[in-house]
Amino acid sequence: MSTAAAVPPPVRSLRPLAGVLTATAVSVTGTRVSAIALPWFVLATTGSATMTGLVAFAEMTPYVLVKALTGPVVDRLGPRVVSWTTDAVSAAAAGLVPLLHAQGLLPFWALLVMVAVIGAMRGPGDLAKSVMVPEAADRARVPMERATGLSGVTERLASTLGPAIGGGLVALMGPLAGLAVNAVSFALGSLIIALALPRGMGRPAVPVAGPAGGKPAEGEAEGAPGAGYWRMFREGFAFLKSEPLLLAVIVMVGITNLLDAGFTTVLVPVWAHESGNGPAAIGLSAGVMGATAVVGSLIAAAVASRLPRRTVFFVGFVLCGAPRFLVLALGAPMWVVLTVFAIGGFGSGFLNPILGAVLFERVPRHLLGRVHALGDSLAWAGIPLGGLLAGAAVAVVGLIPSLIAAGALYFVTTTLAGLRPEWRDMDRLRGHAAGAGSQGGTGGTVETGGGGETGGTAVGREAADAEPEWAPVPS
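With reference to specific residues and values, describe the overall build of the protein.
Helix and strand content of the protein: 19 helices and 0 strands. Looking at the protein as a whole, 59% of its 475 residues are labelled buried. Long-range contacts, defined as pairs at least 24 residues apart, comprise 88% of the intrachain contacts of the protein with a sequence gap of at least 6. Here the protein displays about 18000 Å² of accessible surface, and carbon together with sulfur accounts for 71% of that area.

Account for the environment of I165, with residues named and values stated.
For I165, the location among the structural elements is in helix α6 (residues 144-173). Of the residues examined, I165 reaches a relative accessible area of 40% and is grouped as partly exposed. Separated by 122 residues in the primary sequence, I165 and G287 place their C-alpha atoms 8.9 Å from one another. Those residues in contact with I165 that sit more than four places away from it in its chain are T29 and V33.

Give me the lowdown on the packing of aromatic side chains, citing residues and values where you can.
All chains considered together, the criterion is met by 5 aromatic pairs. Here the aromatic rings of F313 and F314 are separated by 5.2 Å at their centres, their planes lie at 90°, and the arrangement is edge-to-face. Judged by its relative accessible area of 0%, F313 falls in the buried class. Among the residues examined, F314 registers a relative accessible area of 11% and is labelled buried. Just above the ring of F263 sits the side chain of R324; from NZ or CZ to the centre is 4.9 Å.

So what's going on with helix α12 (residues 322-329)? Which residues, and what values?
For α12, the tally of buried residues reaches 6 of 8 residues, placing the bulk of the element in the interior. Along α12, the residues that are buried comprise A322, R324, F325, V327, L328 and A329. At the C-terminal side of α12, G331 shows a positive phi close to 65°.

Residue-level account of the pattern of salt bridges, with values.
Scanning the model with the defined rule gives 4 salt bridges in all. Between E59 and R122 there is a salt bridge whose closest N-O contact spans 3.2 Å. Here E59 is found in helix α2 (residues 49-68), whereas its partner R122 is found in helix α5 (residues 108-140), with 63 residues between them in sequence. Assigned by exposure class, E59 and R122 land together as buried. Linking K129 and D87 is a salt bridge whose minimum nitrogen-to-oxygen distance equals 2.8 Å. Separated by 42 residues along the polypeptide, K129 in helix α5 and D87 in helix α4 (residues 79-102) bring together distant segments of the chain. Overall, K129 belongs to the buried group, its relative accessible area being 3%. Via salt bridges that share partners, E59, R122 and D126 belong to a single interconnected network.

Give a detailed account of helix α7 (residues 175-196), specifying residues and quantitative values.
Between the first and last C-alpha of α7 there are 31 Å, a value that for 22 residues agrees with the 32 Å anticipated at 1.5 Å per step. Those residues of α7 that fall on the buried side of the exposure criterion are P175, A177, G178, L179, N182, A183, S185, F186, G189, S190, I192 and I193.

Tell me about the nonpolar core, residues and numbers included.
With 83 residues, the main nonpolar core has L111, F313, L328 and W423 as its most contacted residues. Among the elements that make up this core, the one with the highest residue count is helix α9 (residues 244-275) (16 residues).

Tell me what's going on with the side chain of E59, and back it up with residues and numbers.
Relative accessible area serves as the criterion here: at 14%, E59 is assigned to the buried category. Engagement of the side chain of E59 in a polar contact is seen with the side chain of R122, the distance being 3.2 Å. Setting aside residues no more than four positions away along its own chain, E59 makes contact with L38, V115, I118, G119 and R122.

Tell me what's going on with the environment of H101, and back it up with residues and numbers.
With respect to the helices and strands, H101 occurs in helix α4. Taking the C-alpha atoms as reference, H101 lies 8.7 Å from L176; in sequence the two are 75 residues apart. With near-sequence residues (within four places) excluded, H101 lies in contact with F41, T45, L106 and L176.

Procedures and definitions
- Residues numbered from 1 in each chain as written.
- Predicted model: local features only at pLDDT ≥ 70, side-chain atom pairs only at ≥ 80, totals over all residues.
- Heavy atoms only, no water.
- Helix = DSSP H or I, 4+ residues; strand = E, 2+ residues; numbered from the N terminus.
- Buried < 20%, exposed > 50% of the residue type's maximum accessible area, 1.4 Å probe, protein only.
- Contact = heavy atoms within 4.5 Å.
- Areas by Shrake-Rupley, 256 points an atom, 1.4 Å probe, with all protein chains shown as cover.
- Phe/Tyr/Trp six-rings, centres within 6.5 Å; stacked < 30°, edge-to-face > 60°.
- Lys NZ or Arg CZ within 6 Å of the ring centre and 35° of its normal.
- Salt bridge = Lys/Arg side-chain N within 4 Å of Asp/Glu carboxyl O.
- Expected span 1.5 Å × (residues − 1).
- Core = buried A, V, L, I, M, F, W, Y, C linked by side-chain atoms within 4.5 Å.
- Polar contact = N/O pair within 3.5 Å; in protein donor to acceptor, adjacent residues only side chain to side chain.

Quick look at the structure:
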């Protein structure tokens, strides 16, 4: 593996970091607008909770499957090319939905095809943007913890503004307006990555010889051109398999992601529809939760290194999990709903910084893309089924029993999981940097775990602001 030290570019430039963060903000905002507009569009046109869940299934299944296989592709082609091309295809597919519906040419099967294309493109597009953050930080000569902190806050703010914009837009102009905004956001994100970033940024990864960054394979010289696709894929999978704590995180978060997906895509829209609160209530509740999550994230970034990780992690899950389901099931007034969502958002803000620290402490830099892609996909594997199962449950037993059952399962999952011995490693190994390796897409520069511009600070601190996508799905 390459052992060269990270060498910053001769001229400092904030343009790359600003470009990546702006493209991320635009993409996440549009996706969150669509997360309100699309379920409401399906409910308004079909009146079926089952069909609403099926649309969510059609989008998230290809997202998870394609993303699972994307890591080596991003390494081979370069994250910049992958990002702008996938966003361009997503923009075309998203734009066809309101266009075909306005012409009366959008049967339900065609809608499923469009959202499946969007899902398949979003997976590699999201991964490619996150992979470019380290290089953007190097070019800006910004410490990694600041860059990842800015990335996390950007995503949180976009996740807050998106539902608020989507709820208001759908209430005033109808769901098609929200779907059109999603198409525009994909197109704008594609243009930002393709045109605004400096020449040479986001190139293919520097090859690393040998499995998991070890010795080269027999007959392969050190520093030889990169291994084949499936070998690269196996390297990431073998590393992930060797990490019990990461596997425990993925299993637990996979279950909560399934429940969150059903909650967001079906249960909340059906609650808003049946209660008469309308789409504005969806955007308001999600916006309040997102705003307090930003506050929680900022506090966590400042003090998380001095708090017991395991305790904070599971308390955060208790606050952001079951209470949201139960308050809707009880038919509480809107101010109570917003209060519970606000408390839950604050608790959820502490989760991603902890997960980010765990990820960066254990995964060598040159494997981050592949392990990240696999971790994302496994943790998100239940999301396609979430909407489908929630829609079926509402159709069979009704909304209130479905909310109570899902909330109870959420509580059991997030409390019993903490008894597993693997979780002790959250605190036992904190601050220990993973082995350093070459970083894909950095134009040949690599950064050691505690070196670079962090002045020798342990990876645990610089990762405390990270925002991995195997965190809970924002509501």
